[in-house]
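Coordinate analysis (summary)
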Amino acid sequence: MTQPGNAAPLPSGQAAVAGGDQRPPGELVRSLTHRQTTMIGLGCALGTGLFLGSGSAIGIAGPAVILSYIAGAVLVAIIARVLGAMTIAHPVRGTFGTIAHLYLGPWAGFVVRWLFWAGTTVAIGGEVVAAAIYIRYWWPQAPMLLLIAAVAAVVLGVNLFSVGSFGFAEFWLSSVKVTAVVVFIAAGLLLVFVGLPHTLATGLGNLTSGGGVFPNGLTAVWTALSVVMFAFVGFETVSISAAETADPARSIRTAMRALIWRLGLFYILSIGLIVTLVPWRDVAGGDGGVDGSPFVQVGIPAAASLTKAIVLIAAISSANAQLYAASRFLDSLGHDRCAPAAVARLSRRGVPVRALLVSAVGIVAAALLAAFKVNSVFNLLVSVAIFSVLLVWLLILASYLAFRRSAQPAALRDLRVPGGAWTVWAGIAGVLAVASTAAVVPVMAQAAWVGSGFTLALLLVYALKIRHVMRRDVPVAPNKEAGEPDPQEAPYVR
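Residues numbered from 1 in each chain as written. Predicted model: local features only at pLDDT ≥ 70, side-chain atom pairs only at ≥ 80, totals over all residues. Heavy atoms only, no water.

1. Here we look at the overall build of the chain
Which entries qualify depends on this criterion: Counting from the N terminus, the helices are DSSP H or I runs at least four residues long and the strands are E runs at least two residues long. Whether two residues touch is decided by their heavy atoms; if any such pair falls within 4.5 Å, the residues are in contact.
Across its full length, the chain holds 19 helices and zero strands. The contacts of the chain with a sequence gap of at least 6 include a subset with a gap of at least 24, amounting to 80%.

2. Considering the side chain of T437
Operational definition: We call two N or O atoms a polar contact when they sit within 3.5 Å, provided that within protein one can donate a hydrogen and the other can accept it, with sequence-adjacent residues counted only if both atoms are side-chain atoms.
Positionally, T437 belongs in the loop between α18 (421-435) and α19 (442-469). A polar side-chain atom of T437 sits 2.6 Å from the main-chain carbonyl oxygen of V434. Not counting residues within four places of it along the chain, the set of residues in contact with T437 comprises W222, T223, S226 and M444.

3. Remarks on the packing of helix α7 (residues 144-161) against helix α8 (residues 163-193)
Basically, it comes down to this: Each axis is a line fitted through C-alpha atoms, and for a helix only the stretch in contact is used; angles between axes span 0 to 180 degrees, taken between their N-to-C directions. Roughly parallel means an angle under 35 degrees; roughly antiparallel, over 145; roughly perpendicular, 65 to 115; everything else is oblique. Residue polarity follows a fixed list, in which Ala, Val, Leu, Ile, Met, Phe, Trp, Tyr, Cys and Pro are nonpolar, Asp, Glu, Lys and Arg are charged, and the others, Gly among them, are polar.
Relative to each other, α7 and α8 sit at 130°, their axes nearing to 5 Å. The orientation of α7 relative to α8 falls into the category oblique. Between α7 and α8, the residues in contact are V158, N159 and F161 and S165, F166 and A169, respectively. When the residues that make up the contact of α7 with α8 are grouped by side-chain class, the tally is four nonpolar, two polar and no charged.

4. Quick notes on a nonpolar patch on the surface
Note the threshold: The residues that make up patches have over 30% relative accessible area and no salt bridge, and they are joined within 9 Å when like-charged or within 5 Å when they are Val, Leu, Ile, Met, Phe, Trp or Tyr. The accessible surface values rely on the Shrake-Rupley method and a 1.4 Å probe; as for residues, cover is taken only from the protein chains in view. Salt bridges are defined as contacts in which a side-chain nitrogen from Lys or Arg sits within 4 Å of a carboxyl oxygen from Asp or Glu.
Residues L67, I70, V74, V213, F214 and L218 make up a contiguous nonpolar surface patch of roughly 500 Å² in combined accessible area. Tracing the backbone shows V74 in helix α4 (residues 65-89).

5. Some thoughts on the packing of aromatic side chains
Threshold: What counts as a ring pair is set by centres within 6.5 Å for rings of Phe, Tyr and Trp (its six-membered ring), and what kind of pair is set by the plane angle: stacked under 30 degrees, edge-to-face over 60, tilted for all other angles. Buried means the residue's accessible area, taken with a 1.4 Å probe over protein chains only, is under 20% of the maximum for its type, while exposed means over 50%, and partly exposed covers the values in between.
Evaluation of the coordinates by the stated rule reveals 13 aromatic pairs. Centre to centre, the rings of F96 and F329 are 5.0 Å apart; their planes meet at 50°, and the pair counts as tilted. With F96 in helix α5 (residues 95-104) and F329 in helix α14 (residues 303-335), this residue pair connects regions lying 233 residues apart in the sequence. Neither F96 nor F329 differs from the other in exposure class; each is buried. Ring centres of F110 and Y462 lie 5.8 Å apart, and the angle between their planes is 40°; this geometry places the pair in the tilted category. Taken together, the residues F110 in helix α6 (residues 106-135) and Y462 in helix α19 connect sequence positions 352 residues apart.

6. Details of the environment of R348
Here R348 shows up in the loop between α14 and α15 (353-371). Residues R348 and S162, 186 residues apart in the sequence, show an inter-C-alpha distance of 9.5 Å.

7. Overview of unusual backbone geometry
Of note, T95 is a non-glycine position whose phi angle comes to about 30°, a positive value. For T95, the location among the structural elements is in helix α5. By relative accessible area, which is 1% here, T95 ends up buried. Positive phi is not limited to glycine here, since R337 has a value of about 65°. You can see R337 is positioned in the loop between α14 and α15.

8. What about the environment of I78?
Summarising the element assignment, I78 is placed in helix α4. Note: C-alpha distance between I78 and V417 (339 residues apart in sequence) is 7.7 Å. Excluding its chain neighbours within four sequence positions, the residues that come into contact with I78 are L397, T423 and G427.

9. Concerning α4
Residue pairs spaced three or four apart in an α-helix point in one direction, given the helix's 3.6 residues per turn. Rules: Expected helix span is given by 1.5 Å per residue-to-residue step, counting one fewer step than there are residues.
If you check α4, its first and last C-alpha atoms are 36 Å apart, about what 25 residues at 1.5 Å a residue would give, namely 36 Å. Extensive coverage of α4 is indicated by the burial of 20 of its 25 residues.

10. Thoughts on the environment of P106
The topology assignment puts P106 in helix α6. A C-alpha to C-alpha distance of 7.6 Å links P106 and R467, two positions 361 residues apart in sequence.

11. Examining the packing of α4 against helix α12 (residues 248-277)
In the contact formed by α4 and α12, the axes pass within 10 Å of each other and the chain directions differ by 175°. Considering their axes alone, α4 and α12 lie roughly antiparallel with respect to each other. Classifying every residue of the contact of α4 with α12 by side-chain character gives 20 nonpolar, four polar and three charged.

12. Re the confidence of the model for the chain
How we decide: A score between 0 and 100, pLDDT records how confident the predictor is in each residue.
For the chain, the mean per-residue pLDDT works out to 80, and 83% of the residues sit at or above 70. No element of the chain has a lower mean pLDDT than helix α17 (residues 409-414), at 68, and none a higher one than α18, at 95. Per-residue pLDDT stays below 50 along residues 1-23; that stretch engages in 73 contacts with residues further than four places along the chain or on separate chains. Per-residue pLDDT stays below 50 along residues 478-494; that stretch engages in 48 contacts with residues further than four places along the chain or on separate chains.

Here is the structure:
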C-alpha cells in the first residue's frame with residue numbers, strides 16, 4: 001500500500017496530457033492555460049458579495065468593518081495557501097474532496113463533495129436570479145422567467161462547449177471585474193487625498209464621525225464576519241481547475257499566491273475607501289438592488305451606470321464559474337460511485353455533460369424558488385449553502401494537518417505554509433469563530449441547524465449504502481517536481 005505523501009500515484013489515464021485535447025478515454029482535458037487559471041479564482045471571489053453585499057457588513061460594524069475584512073482576508077489566505085499546497089501535490093478530479101478522502105477517510109470525501117455541490121448549486125441559483133434582476137434595469141418589461149432562462153442558457157452553453165470555452169469566457173469576465181475594482185480604488189484614492197475638479201478631497205473625517213470607528217462596539221467586528229466571509233467564497237475554484245490545467249503545479253502555485261494578496265488588497269482598499277468617502281450610515285444595509293450598492297453612493301462620476309453593468313457581469317461570471325465547479329464535483333462523485341456512474345460520462349471534448357445538466361436542473365429549481373419568493377424553502381437551501389462553506393473549509397484545514405504528517409519535505413516546500421501547523425490551527429479557530437456568530441445572527445443559527453441535519457443525513461446515506469459500493473482506491477497525481485514516481489510505476493493510493 002502506498003503512503004499518501006510518498007508516491008501519491010495516479011492511474012495512467014489521469015496523468016497530465018500534453019497536447020491540449022488529447023487524452024485517454026474517460027479523463028478530463030488539461031487545456032486551461034496558466035493565465036486563465038490565475039484569473040479564475042480572483043474573478044470568482046470578486047462577485048456580488050463585494051459590489052452589493054458589502055452594505056450589510058458596513059451596517060453591522062460601521063467603519064470598523066475594515067477590521068472584519070482584514071480578518072476575513074487573513075483567514076482566506078490561510079485556507080488558500082493550505083489548499084494550494086495540497087492541490088500542487090494532487091492535481092486531480094474532485095480536488096479537495098478527493099484529498100479529504102485520501103487523508104481523512106472515504107466518509108470525508110463523500111461529505112465534502114456532496115456538501116460543496118449542494119451549496120454551490122443553491123448559490124448559482126441566486127446569482128442567476130440576481131443577473132435577471134439587473135437586466136431588468138435596461139428592459140423593465142421583460143418577463144422574469146424569460147430572463148432567468150436566458151442567463152441560465154448562456155452559462156450552460158459556455159460550459160457545455162468545452163473547458164477551453166469556459167476558461168476563455170471566465171478570463172475576460174473576471175478581467176472586467178478586476179479592472180473595475182482597480183479603477184474604483186484609483187478614483188477613490190484621488191477623491192480622499194487629492195479631490196477632483198469642482199470636488200474637494202474628503203479626507204479621513206468620515207471614519208470617526210457618526211459614532212466613531214466602533215459605533216456598534218468591538219463585538220460588531222466579529223458579528224460582521226457572518227457577512228464578510230461569504231463575499232470571499234469562490235476562490236476554491238482555482239484548485240478545482242487543477243485537473244484540467246495544462247501545467248497544474250506552476251499554475252496553482254502562481255494563482256494561489258496572486259489570489260492571496262490581490263484579493264485581500266482589493267477588498268480591504270475598496271471597503272476602506274467606501275467608509276472614508278461616505279458616512280457609513282448612508283451606505284449601510286441596502287435592499288439588494290444596484291442603486292443601494294455602496295459603490296454607487298460614493299460620489300464617483302458615472303458610478304451608478306457602471307456599477308449596473310459590473311454587477312451584471314459579476315453575477316454571470318460567478319454563475320459561470322460555480323456551475324463549472326459544481327459539475328466537476330458531481331463528475332467526481334459519479335466517478336467514485338458516490339453518485340450514479342452516468343453523471344461521470346464525458347463528451348468527445350472531455351466535458352462532463354450529464355453532470356452539467358443535472359447541476360443546471362438544481363440551478364433552475366433554486367432560481368425559481370428565489371424568483372417567486374418561496375422563502376420558506378429557499379431560505380432552507382441557503383442555510384445548507386452557508387453551512388457547507390464553513391464545514392468544507394474546516395475539512396480542508398483538517399486534511400492539510402494529515403497531509404503535513406505524511407508528505408515528503410519537498411511537497412511541503414512547494415507552496416510553504418508559514419507557521420506550519422500553528423497557522424492551520426489558527427485557521428480552524430477562525431472558521432469556528434465565524435460559525436459561532438450563530439449565537440447572535442439568526443441566519444447563521446438557522447444554517448447551523450439545517451446544515452447539521454443535512455450533513456447527518458449524508459453520513460447516514462454513506463453508512464447504509466455508499467460505503468459498500470464506492471471506489472476505495474483514490475487516484476492521486478504525483479508531484480513530479482518533488483521527485484515522486486511516474487503513475488505507471490505504482491498502484492492506486494488506498
